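Descriptive analysis of the structure
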Amino acid sequence: MSALLEVKHLNVDLNLPAGTLHAVRDVSFSVEKGKTLSLVGESGCGKSMIALAIMGLLPPSGICSAEKIAFEGLDLQKMSEKKMSTFRGARMAMIFQEPMTSLDPCYTIGNQLVEALTEHKKVSAREARDRAVFLLEKVGITGSASRLKQYPHQLSGGLRQRIMIAMGLMCGPSLIIADEPTTALDVTIQAQIMGLLASIQQEFNMGMILITHDLGVVSRVADDVVIMYCGQVVETGNIKEIFNNPIHPYTRGLMECIPVPGKTKPGEKLGSIPGIVPTPIGDLWGCSFRSRCSLATQECAARGLELIKISDKRSFRCINPPVTIADA
Amino acid sequence: MLIYTLKRLGLAMIVMVTVSLISFMLLRVSGDPAISLAGEGASNEEIEFVRIQYGFDRPLIIQYFEWAGRALHGDLGDSPYLNQPVAQMLRERMGVTVILGVSALSFAMILSIPLGMLAAIRPNTWIDRVALSISVMGQAMPSFWFGLILIIFFGVHLRWLPISGSDTWRHFVMPTIALGYYATPAIMRLVRSGMIEVLASDHIRTARAKGLRWPRILFKHTLRNAIIPVVAVAAVQLGFMLGGSIVIESIFALNGLGNLAWVSISRSDLPVVQAIVLFLSTTYIILTFLADLLNAFLDPRIRST
Ligand SMILES: Nc1ncnc2c1ncn2[C@@H]1O[C@H](COP(=O)(O)OP(=O)(O)O)[C@@H](O)[C@H]1O
Ligand SMILES: [Mg+2]
């Protein structure tokens, strides 16, 4: 069985006045049909760039090169912009981090939902509207018929994100990319939206790329996990392996940021990784995480730090792992 | 929307009253109307008689309300110079000025909106530079000079177009271009920067992620958002064109309001000047009000404030 989406050796460079920023470096992963793959990493790790590269929506300064970005068996890189736009929204949909600004303020919700469908499929206005109402109810918006007449500014962030999800579903895509869909929302809403996404993904049997900086979120929804740091993959594996046996010090660091029910006492300080993600501009070598890693040695600055594969889906990028690999 | 409209209307009324008050005062501060009405060499008794006869001895505020009441009924007094009702003079001249103003604004829009859009879609390319040079030229050339160039080239050399008068639409071609070109740079730059800003916004990224085709992204989602600030500027520009066509009207010998204003100022025909000021400011206020309504129609966020 071939994967729904296969990304091989993806690089994204941004040409900035300050130099070339290597936002994504040699990233490979694949998403199975109906499964969720989670891209995890702190802000600035290049997660959004991966998503935009797949959708063909990189900013003008962005240059994407990959051995392969195969979606449903077709190489997206070889596709013309015109062909690509027949895929976007129809076969693959994306939900963004900023629900407050992602809808056009000048048009009603109904208008924007309907056009997502009518652009790709020959359906009557009536059918499109019915589909919009059906999906609004699916994403938990009640009184949806009257919601259609409302404008974005009349709705809360949580509602707007629900609408963005409904919009992504209008054409019944086989892949949905959710880029930190809950980061901009209140904590109480975050869990609701995440639960909604997970159940929608199951019900519509879509492949999903869930991007997040919160490893805690991942445990409930993802099948596979890719841990990103500074544009690179530092560890991959299925959800069980990552949680039971994290190898990379960065993964372990992210793990310590998650509160554990029953174990973490209220008011207790959660772990956090000191320092910030470096900006990958210019010539890069060695492990990018070494400046923040408590286990770093001189060897970590050596050139050519490869991803070490230990099974089909499991790999990591560290020459000094804090665990013996036999355990992992 | 109704509340918004009423609010704007109320505001327009207040401005209207203020402006008419100023316009009324204009006539009063310019000299004692009794003296000028009584004529040269009149005795003090005669002047007093005229003063009482015309009610100039009463409080100014009462006089204002009387004058405003008459003005509302279309009675703007008589021109002492021509012994003609001012309202009638205005009516005769208005047509030419309004035609000129509206066609000049339309010309400016037709030129500047597509150019601004093209420049925004392809920034820093030759099309952007062409648009920029057209805009810089419009800014740098005084409209009277541009008008004269047009006359020399298309009127005298090529003999394509008549150079004076207002009899046919052909008479309006050159004045329209001369006046409209002047408004082009401001509108074009606004369209360009607005389009560039909106094109980089999150909701356009959403539109692209939905797979919408380019024309729809451009016209439905980008232009509408980018045009909102243009509306207010266009209204102001039209106001300027109605009031500021004095120069163009003289060059092309168009018998419009600008021409009338020019002549009346030079012969101190104050009731006429006052009426023109009142007319132009009223038009201005109405245009601003209409622009507000149009913006509220375009942008639902304005409607609900
Ligand atoms: N428009 C941009 N201009 C310049 N640098 C950018 C831009 N967008 C992203 N970057 C840089 O690219 C890198 C990856 O960014 P991004 O993919 O947005 O990270 P993430 O989504 O993981 O937070 C970061 O170093 C960020 O600073
Ligand atoms: Mg991001």
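Given the structure is predicted, the values throughout are model-derived calculations rather than measurements. Residue numbers restart at each chain and count upward from 1, following the sequence in its written direction. Written order determines the labels here, with chains lettered from A and ligands numbered from 1. Restriction of local features to residues with pLDDT of at least 70 applies here, the model being predicted, together with a cutoff of 80 or more for giving and counting side-chain atom pairs; totals for whole chains, interfaces and linings are based on all residues. Calculation of side-chain values draws on the structure's entire complement of heavy atoms; hydrogens and water are dropped beforehand.

Description of the overall build of chain B
Worth spelling out the cut-off: A helix here means a DSSP run of H or I that spans at least four residues, while a strand means a run of E at least two residues long, and both kinds are numbered starting from the N terminus. Burial here depends on accessible area, computed with a 1.4 Å probe over protein chains only, as a share of the maximum for the residue type. Under 20% is buried, over 50% is exposed, and the range in between is partly exposed. The contact criterion used throughout is that any non-hydrogen atoms of two residues lie within 4.5 Å. Using the Shrake-Rupley algorithm and a 1.4 Å probe, accessible areas are obtained, with residue cover drawn only from the displayed protein chains. Positive charge is attributed to Lys and Arg, negative charge to Asp and Glu, and no charge count is given to His or to the chain ends. Taken as the charge location is NZ of Lys, CZ of Arg, CG of Asp or CD of Glu.
A tally of regular secondary structure across chain B gives 14 helices and two strands. Each principal axis of the C-alpha atoms in chain B carries an extent, and together these give about 85 × 55 × 30 Å. Per-residue burial for chain B yields a buried fraction of 43% across its 305 residues. A separation of at least 24 residues holds for 72% of the contacts in chain B among residues at least 6 apart in sequence. Total accessible area computed for chain B in this model is approximately 16,000 Å², and 69% of it derives from carbon and sulfur atoms. When the 24 basic and 18 acidic side-chain charges of chain B are each reduced to a single mean position, those positions are 24 Å apart.

Considerations on unusual backbone geometry
If you check the backbone angles, Asn 124 of chain B has positive phi at about 60 degrees while not being a glycine. Tracing the sequence through the fold places Asn 124 of chain B in the loop between α5 (86-121) and α6 (126-140).

What about the interface of chain B and chain A?
Just so we agree on the cut-off: Buried area: the sum, over both parts, of the accessible surface (1.4 Å probe) that disappears when the two are put together. The working definition used for a salt bridge is a side-chain nitrogen of Lys or Arg within 4 Å of a carboxyl oxygen of Asp or Glu.
Counting from both sides, the interface comprises 22 residues of chain B and, opposite them, 28 residues of chain A. At the boundary of chain B with chain A, total buried surface from both sides reaches about 2,300 Å², with 49% on carbon and sulfur atoms. Counting across the interface, chain B meets chain A through six salt bridges. Residue Glu 119 of chain A pairs with Arg 216 of chain B through a salt bridge whose shortest N-O separation is 3.7 Å.

Considerations on the side chain of Arg 314 of chain A
Residues and elements named next belong to chain A. Going by this rule: Counted as a polar contact is a pair of N or O atoms within 3.5 Å, where, for protein atoms, one must be capable of donating a hydrogen and the other of accepting one, and residues adjacent in sequence contribute only when both atoms are in side chains.
Relative to the assigned elements, Arg 314 resides in the loop between β12 (308-309) and β13 (315-316). Judged by relative accessible area, which is 3%, Arg 314 ranks as buried. At a separation of 3.2 Å, a polar atom in the side chain of Arg 314 contacts the main-chain carbonyl oxygen of Thr 236.

A few points about a nonpolar patch on the surface
All names here are of chain B. Counted only if it meets this: Each patch is built from residues lacking any salt bridge and having more than 30% relative accessible area; the joining distance is 9 Å for like charges and 5 Å for nonpolar side chains (Val, Leu, Ile, Met, Phe, Trp, Tyr).
On the surface, a cluster of nonpolar side chains totalling about 430 Å² of accessible area is made up of Phe 144, Trp 145, Leu 148, Ile 149 and Val 247. Considering each element in turn, the nonpolar patch owes the most residues, four residues, to helix α7 (residues 143-157). Within the secondary structure, Leu 148 sits in helix α7. Taking the relative accessible area as the measure of exposure, Leu 148 reaches 38% and is therefore partly exposed.

As for the nonpolar core
Residue and element names in this part refer to chain A. Inclusion rule: To qualify as a nonpolar core, a set must consist of buried Ala, Val, Leu, Ile, Met, Phe, Trp, Tyr and Cys residues joined through side-chain atoms within 4.5 Å. Domain delimitation follows an automatic or database domain assignment.
Core analysis: the biggest nonpolar cluster contains 103 residues, and Leu 5, Phe 29, Ile 54 and Ile 209 have the highest contact counts within it. When residues are assigned to domains, this core turns out to be shared by domain 1 (5-222) and domain 2 (249-261 + 269-328), each giving three or more. Excluding its chain neighbours within four sequence positions, the residues that come into contact with Ile 209 are Leu 5, Phe 29, Val 31, Leu 37, Leu 39, Ile 54, Leu 175, Ile 176, Ile 177 and Ala 178.

Digging into helix α1 (residues 2-29) of chain B
Counted only if it meets this: In a helix, the anticipated span is given by 1.5 Å times the number of residues less one.
An ideal rise of 1.5 Å per residue puts 40 Å on 28 residues; α1 of chain B measures up with 40 Å between its terminal C-alpha atoms. Residues of α1 of chain B that are buried include every one of Tyr 4, Thr 5, Ala 12, Ser 20, Ser 23, Phe 24, Leu 27 and Arg 28 of chain B, and no others.

Remarks on the site of ligand 1
Residue and element names in this part refer to chain A. Keep this limit in mind: Nearness of a residue to a molecule or strand requires only that one of the residue's heavy atoms be within 4 Å of it.
Near ligand 1 lie 13 residues; those nearest to it are Gly 44, Gly 46, Lys 47, Ser 48 and Met 49. With respect to ligand 1, the backbone of Cys 45 contributes an N or O atom lying 3.1 Å from an oxygen atom. Contact with the protein chains covers 68% of the free accessible surface of ligand 1, which is 550 Å². Broken down by secondary-structure element, the contributors of at least two residues to the shell around ligand 1 are β1 (5-16), β2 (19-31) and α1 (47-55). It is α1 that provides the largest number of residues to the shell around ligand 1, a total of three residues.

Quick word on the packing of aromatic side chains
Residues and elements named next belong to chain B. Our working definition: Any two of the Phe, Tyr and Trp rings considered here, Trp counted by its six-membered ring, make a pair once their centres fall within 6.5 Å; the pair's planes then place it as stacked at under 30 degrees, edge-to-face at over 60, or tilted in between.
Per the counting criterion, the structure on display carries 11 aromatic pairs over all chains. A ring pair is formed by Phe 24 and Tyr 64, whose centres lie 5.6 Å apart and whose planes are at 70 degrees; its orientation type is edge-to-face. Separated by 40 residues along the polypeptide, Phe 24 in helix α1 and Tyr 64 in helix α4 (residues 60-72) bring together distant segments of the chain. Accessibility assignment for this pair places Phe 24 and Tyr 64 in one class, buried.

A look at the sheet that holds strand β11 (residues 232-238) of chain A
Residues and elements named next belong to chain A. Put simply, the test is: Two strands form a pair only when DSSP identifies at least two bridges running between them. Each axis is a line fitted through C-alpha atoms, and for a helix only the stretch in contact is used; angles between axes span 0 to 180 degrees, taken between their N-to-C directions.
Strand order in the open sheet made by the eight strands is β7-β8-β9-β3-β10-β11-β13-β12, with mixed pairing throughout. Each of the sheet's edge strands pairs with one partner strand only, and the pair in question is β7 (92-95) and β12. In the sheet, strand β8 (residues 175-179) pairs with strand β9 (residues 207-212) via five bridges, with the strands oriented parallel. Bridging across to β9, Asp 179 finds its partner in Ile 211. On top of the sheet, α1 reaches β3 (36-40), β7, β8, β9 and β10 (224-229); it is set at about 150 degrees to β7, its chief contact.

Comments concerning the pairing of β2 of chain A
Successive residues of a regular strand alternate their side chains across the two faces of the sheet. Residue and element names in this part refer to chain A. Of the strand pairs in this sheet, β1 and β2 are connected by nine bridges, and their pairing is antiparallel. The partner of Leu 5 across the bridge, within β2, is Val 31. The turn joining β1 and β2, which pair antiparallel and follow one another in sequence, is formed by two residues.

A few points about the domain arrangement of chain A
Residues and elements named next belong to chain A. For chain A, the assigned domains are domain 1 (5-222) and domain 2 (249-261 + 269-328). The distance between the C-alpha centroids of domain 1 and domain 2 comes to 28 Å. Residue-level contacts link 15 residues of domain 1 with 14 residues of domain 2. Taken together, both faces of the contact between domain 1 and domain 2 bury some 1,200 Å²; the carbon and sulfur share is 60%. For the domain 1 face of the interface with domain 2, the top three residues by lost area are Arg 25, Glu 42 and Leu 215, together amounting to 42%. Applying the counting criterion to the domain 1 and domain 2 interface returns one salt bridge. Counting the contacts that link domain 1 with domain 2 gives four residue pairs in polar contact (both at pLDDT 80 or more). Of all the secondary structure elements, the ones that give two or more residues to the side of domain 1 that touches domain 2 are β2 and α8 (215-221).

Description of the packing of α1 of chain B against helix α13 (residues 270-298) of chain B
Residue and element names in this part refer to chain B. This is how the line gets drawn: By definition in this entry, angles of less than 35 degrees are roughly parallel, angles greater than 145 are roughly antiparallel, angles of 65 to 115 are roughly perpendicular, and the rest are oblique. Crossings are classed by handedness, with left-handed meaning an anticlockwise turn of the near helix from the far one by less than a right angle and right-handed meaning a clockwise turn. Ten residue types, Ala, Val, Leu, Ile, Met, Phe, Trp, Tyr, Cys and Pro, are classed as nonpolar, four, Asp, Glu, Lys and Arg, as charged, and the remainder, Gly among them, as polar.
Remark: α1 packs on α13, axes separated minimally by 10 Å, with the N-to-C direction vectors making an angle of 165 degrees. In terms of their interaxial angle, α1 and α13 are classed as roughly antiparallel. In terms of crossing hand, the pair formed by α1 and α13 is right-handed. Residues belonging to the contact of α1 with α13 are distributed by class as follows: 17 nonpolar, six polar and two charged.

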